[in-house]
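Chains, contacts and geometry: an overview
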Amino acid sequence: MKEYKQLFFKDIQSPVGEIRLVATGEGLTAILWEGEDYQRTKLPVPERDDANPILLQTELQLAEYFEKKRTTFDIPLDYYGTDFQMSVWNALLTIPYGATKTYGDIARLLGDIKTVRAVGGALNKNPISIIVPCHRVVGTSGKLVGFAGGLRNKSLLLDLESSLRTPMLF
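What comes next concerns the included structure. Quick caveat: nothing in here was measured; it's all calculated off a predicted structure. (Residues numbered from 1 in each chain as written. Predicted model: local features only at pLDDT ≥ 70, side-chain atom pairs only at ≥ 80, totals over all residues. Heavy atoms only, no water.)

A few words on the pairing of strand 1 (residues 8-12). Looking down a regular strand, the side chains alternate between one sheet face and the other. Where burial is concerned, most of strand 1 is hidden: 4 out of the 5 residues are buried. For strand 1 and strand 2 (residues 19-23), the ladder comprises 5 bridges, and the chain directions are antiparallel. For Ile-12, the partnering residue across the bridge sits in strand 2 and is Ile-19. With antiparallel pairing between neighbouring strands as the criterion, strand 1 and strand 2 make up a hairpin whose turn holds 6 residues, including Gly-17 at a positive phi of roughly 95°. Note: strand 1 against strand 4 (residues 47-48), 2 bridges, orientation parallel. If you follow Phe-8 over to strand 4, its bridge partner there is Glu-47. (Buried < 20%, exposed > 50% of the residue type's maximum accessible area, 1.4 Å probe, protein only. Helix = DSSP H or I, 4+ residues; strand = E, 2+ residues; numbered from the N terminus. Pairing = 2+ DSSP bridges.)

Spelled out as structure tokens, the structure:
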């Protein structure tokens, strides 16, 4: 795992509550839920910087997403995790807007269905909610399960995307 660089944050209001954007000078590192501390993502405490260009770009793109004017993000990412976590988070980036996959789908995509529980653990540690779309991962039955931002917010995000949602991909 790489060492943390200097981190900066900006808090913004959104339809899923206040969220904290965290970035290095090179990319977005985290989107944290209202009231969340840094234990889940194991990030050091960042310094406030409301003028950080990456944080401003993220704020703009998230606003467009919540207004249904954006379906993809092009923000540079600079996240931290184990090699396995990074492979899971990168797999999440392949799930199209409006689509869902199961934990098993992600494990199969990574080449080993036996890693399905480890996939769930990596999703729980996903530091960049919404943009690295763990909300698009559902249980085998299609039921909403496990989400750091709470199932209410997961449902809200999926409903937001539902106008273009496609059936579950396998």
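Picking up where we left off.
In this section: the layout of surface pockets. Estimated volume of the largest pocket: approximately 190 Å³. Forming the boundary of the largest pocket are 15 residues, of which Thr-72, Phe-73, Leu-93, Ile-131 and Arg-136 lie nearest the centre. Here the residues of the lining of the largest pocket are counted per class, giving 10 nonpolar, 3 polar and 2 charged. (1 Å grid on protein atoms, 1.4 Å probe; cavity = no way out; pocket = protein on both sides within 12 Å on 5 of 7 lines; lining within 4 Å. Points joined across faces, edges and corners; volume = space filled by probe spheres on them. Nonpolar A, V, L, I, M, F, W, Y, C, P; charged D, E, K, R; others polar.)

Glancing now at the packing of helix 2 (residues 83-92) against helix 4 (residues 116-124). Between helix 2 and helix 4, the shortest axis-to-axis distance is 9 Å and the interhelical angle comes to 80°. Between helix 2 and helix 4, the angle is such that the two are roughly perpendicular. On the side of helix 2, the interface is formed by Phe-84, Gln-85, Val-88, Trp-89 and Leu-92, while helix 4 contributes Ala-118, Val-119, Ala-122 and Leu-123. When its residues are assigned to classes, the contact of helix 2 with helix 4 shows 8 nonpolar, 1 polar and no charged. (Axes fitted to C-alpha atoms, helices over the stretch in contact; angles between N-to-C directions. Parallel < 35°, antiparallel > 145°, perpendicular 65-115°, else oblique. Contact = heavy atoms within 4.5 Å.)

Turning next to the side chain of Thr-29. Tracing the chain through its elements places Thr-29 in strand 3 (residues 28-32). Here Thr-29 falls in the buried class, since its relative accessible area comes to 1%. Polar contacts involving the side chain of Thr-29 include one to the main-chain carbonyl oxygen of Asp-78, which spans 3.1 Å. (Polar contact = N/O pair within 3.5 Å; in protein donor to acceptor, adjacent residues only side chain to side chain.)

Glancing now at helix 4. Taken together, the buried positions of helix 4 are Val-119, Ala-122 and Leu-123. For helix 4, the arc enclosing every buried residue in end-on projection is 100°, short of the 170-degree limit, so these residues lie on one face. (Arc of directions from axis to C-beta.)

Quick look at the pattern of salt bridges now. This model, assessed by the stated rule, comprises 8 salt bridges. Between Arg-48 and Asp-50 there is a salt bridge, with the nearest N and O atoms lying 3.2 Å from each other. By relative accessible area, which is 46% here, Arg-48 ends up partly exposed. For Asp-50, a relative accessible area of 35% corresponds to the partly exposed category. Each of Asp-11, Arg-20, Arg-48 and Asp-50 takes part in one network of salt bridges that share partners. (Salt bridge = Lys/Arg side-chain N within 4 Å of Asp/Glu carboxyl O.)

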